[in-house]
Amino acid sequence: MTETTHQQPAGAPRAGDGDRSPEYRLAQNALQGLRQDLFHDPFAYRPMGPRPATGPLLRRLPTRMRTAAERLPHAVVGAIALLTLLIGAVSGSEPGGDARALLTGLLCALPVVATLTRPVGAFWLSIAVSPVTALLNGGGSDWPWMPGAFVSHLTVLVVVALRTRPRTAVWTWVVTAAYAILSDIFIGGSYYYTNGGPMLVTSAFALLVVCLWHVRHTAQQEVTAQQTVTAQERSRRTLLEERTTIARELHDVVAHHMSVVAIQAEAAPYRVENPPEELERAFATIRENAVAALTELRRILGVVRAEDYEAPDAPQPTLADLDALLVNVRDAGLAVEKVVTGAVRELPPGVELSAYRIVQEALSNSLRHAPGASARVEIGYVLGGLGVRVVNGPAPQPSLVKPSPGAGHGITGMRERVAMLNGEMTAGPTEDGGYEVAVFLPVTAVNEGDA
């Protein structure tokens, strides 16, 4: 015999709650909020942290002043506590003349100081201190809050609202209103003046301002978080688009070589008189694998290719087409020169295509961000690879054409191409205010014996 226990999830309606009226459920939820905000571990230790130095003015301050500014809320609370101490000590029946006046000032300042570590507990402490300070100064004319207690409780309400959430601020105001009404009914009959109304009106306006600040601050955080997510998604989408473009461009290169392998493998046995059966099977296997690789390549390309994509009719560009590119760039207004060092040789098509696209994108960035500047393209054929360097100077001042902002997609595409070829790339501003892109694309040397 087994016993099954069904655990009800938190926040789920209990059995029989469906028969309750909406007003009953609303009141029940309100009481649960009151218990959670003001009665659940009210004296828990919650120290006030430093203020983040994220404002435009704070970021401009020196390091020491910025550190001091982060503790500015603590200093403000301490100054108000000192003020309530003075007001409480001089507003009694014998202002500053006996121990009761000093005790009244200390009791008024204590809840304000407690807001630094125990905000909800400070609120209850302020409620408890208010009648004590009134009884200590029996000859006073203010009820239920003496002047020092008035300033102290108002400060506590504001600080608690700032450190918690709007719902807690509403509950503290409701409890304050209940205390003011009950004290006027049962205790305040012998007092000449009651300041419950001024306390409720003043605190209501103060808490309304704080709640509006909370709403605005929360909205700003949500907008910032959404902007961060949007920027990340945009960057990820750009990365995928660049990779798709690279896959499309390299398809023709890879497909060409695999087609050559398949054709040569099929024709090779006919070039040998009476080829061994093992050789024929080997070439047949090579051809089958080449055809299978071509089929898979086309299938993968069909996945990454957009529906409206049309394959280009012209062949993919190589480094031999750089001169035509530079002519077009010069016609657009960019003074550019090309320098080639090393022994010019034919490189793998993927390397030449990537180098051409990198130069093309770097010159396009120069046109956008430094209109009217001069640029220099350096192609270095070195042992083990190809070096590409594109550097432009600063835009002339004043310039008739304003630079256009960019999203950094061009640099992302360059890095993707370089990473695909296991190369290295650096990009950044130069000392004279220009910009430099330096790339090294490794090329594995093929020995005749390995061919």
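Owing to the predicted nature of the structure, the values given are computational and were not obtained by experimental measurement. (Residues numbered from 1 in each chain as written. Predicted model: local features only at pLDDT ≥ 70, side-chain atom pairs only at ≥ 80, totals over all residues. Heavy atoms only, no water.)

J.: How would you summarise the overall build of the chain if you had to cite specific residues and measurements?
T.: Looking only at helices and strands, the chain features twelve helices and seven strands. Buried positions account for 34% of the 451 residues belonging to the chain. Taking contacts inside the chain between residues at least 6 apart in sequence as the whole, the part at least 24 apart equals 71%. Within the structure as shown, the chain displays about 27800 Å² of accessible surface, and the carbon and sulfur contribution to it stands at 60%. (Helix = DSSP H or I, 4+ residues; strand = E, 2+ residues; numbered from the N terminus. Buried < 20%, exposed > 50% of the residue type's maximum accessible area, 1.4 Å probe, protein only. Contact = heavy atoms within 4.5 Å. Areas by Shrake-Rupley, 256 points an atom, 1.4 Å probe, with all protein chains shown as cover.)

J.: Can you break down the environment of phenylalanine 123 residue by residue, with the values?
T.: Residue placement: phenylalanine 123 occurs in helix H5 (residues 119–136). Since its relative accessible area comes to 1%, phenylalanine 123 is described here as buried. Those residues in contact with phenylalanine 123 that lie beyond four places of it in its chain are Leu38, His153, Val156, Leu157, Val160, Thr172, Val175 and Thr176.

J.: Tell me what's going on with the pairing of strand S4 (residues 374–382), and back it up with residues and numbers.
T.: Here strand S3 (residues 335–341) pairs with S4 via seven bridges, running parallel. By the bridge assignment, alanine 335 is partnered in S4 with serine 374. For the crossover from S3 across helix H11 (residues 349–369) to S4, the handedness is left-handed. With eight bridges connecting them, S4 and strand S5 (residues 385–392) associate as antiparallel partners. When the sheet's bridge partners are listed, tyrosine 381 is paired in S5 with leucine 386. Connecting S4 to the next strand, S5, in antiparallel fashion are two residues, including glycine 384 with a positive phi near 95°. (Pairing = 2+ DSSP bridges. Right-handed = clockwise from strand over helix to strand, strands pointing away.)

J.: Can you break down the side chain of asparagine 392 residue by residue, with the values?
T.: Within the secondary structure layout, asparagine 392 lies in strand S5. Asparagine 392 sits in the buried class, given a relative accessible area of 9%. A polar contact is formed between the side chain of asparagine 392 and the side chain of serine 366, at a distance of 3.0 Å. (Polar contact = N/O pair within 3.5 Å; in protein donor to acceptor, adjacent residues only side chain to side chain.)

J.: For the pairing of strand S6 (residues 424–429), give the residues involved together with the corresponding values.
T.: Two elements, S6 and strand S7 (residues 435–442), share six bridges in a ladder whose sense is antiparallel. The residue of S7 that forms the bridge with proline 429 is tyrosine 435.

J.: Residues and numbers for the pattern of salt bridges, please.
T.: Tallied over the full model, the rule gives eight salt bridges. For the salt bridge of arginine 167 with aspartate 37, the shortest nitrogen-to-oxygen distance reads 2.8 Å. One end of the pair, arginine 167, is in helix H7 (residues 166–186); the other, aspartate 37, is in helix H1 (residues 22–39), and 130 residues separate them in sequence. The partly exposed category is assigned to arginine 167, whose relative accessible area is 34%. (Salt bridge = Lys/Arg side-chain N within 4 Å of Asp/Glu carboxyl O.)

J.: Can you lay out a nonpolar patch on the surface for me, pointing to particular residues and giving the numbers?
T.: On the surface, Ile181, Leu182, Ile185 and Phe186 cluster together into a nonpolar patch covering about 460 Å² of accessible area. Counting through the fold element by element, isoleucine 185 comes out in helix H7. The class of isoleucine 185 is exposed, set by a relative accessible area of 58%. (Patch = residues over 30% accessible without salt bridge, like charges linked within 9 Å, V, L, I, M, F, W, Y side chains within 5 Å.)

J.: So what's going on with the layout of surface pockets? Residues and values would help.
T.: Each pocket or cavity is described by its volume, and for the largest pocket that value is around 700 Å³. Contributing to the lining of the largest pocket are 19 residues, with Arg51, Pro52, Pro73, Leu162 and Trp213 lying nearest its centre. Only helix H3 (72–90), helix H6 (147–163) and helix H8 (196–267) provide two or more residues apiece to the lining of the largest pocket. Ranked by residues supplied to the lining of the largest pocket, first place goes to H3 with five residues. A per-class count over the lining of the largest pocket returns eleven nonpolar, five polar and three charged. (1 Å grid on protein atoms, 1.4 Å probe; cavity = no way out; pocket = protein on both sides within 12 Å on 5 of 7 lines; lining within 4 Å. Points joined across faces, edges and corners; volume = space filled by probe spheres on them. Nonpolar A, V, L, I, M, F, W, Y, C, P; charged D, E, K, R; others polar.)

J.: Run through the sheet that holds S3, naming residues and quoting values.
T.: On the basis of which strands lie adjacent, the open sheet formed by five strands has the order S3-S4-S5-S7-S6 and mixed pairing. At either margin of the open sheet sits one strand with a lone partner, and together these are S3 and S6. In this sheet, neighbouring strand axes are inclined to one another by 10° on average, regardless of whether the strands run parallel or antiparallel. Along the sheet, helix H10 (residues 322–331) contacts S3 and S4; its crossing angle with S3, the most-contacted strand, is approximately 160°. (Axes fitted to C-alpha atoms, helices over the stretch in contact; angles between N-to-C directions.)

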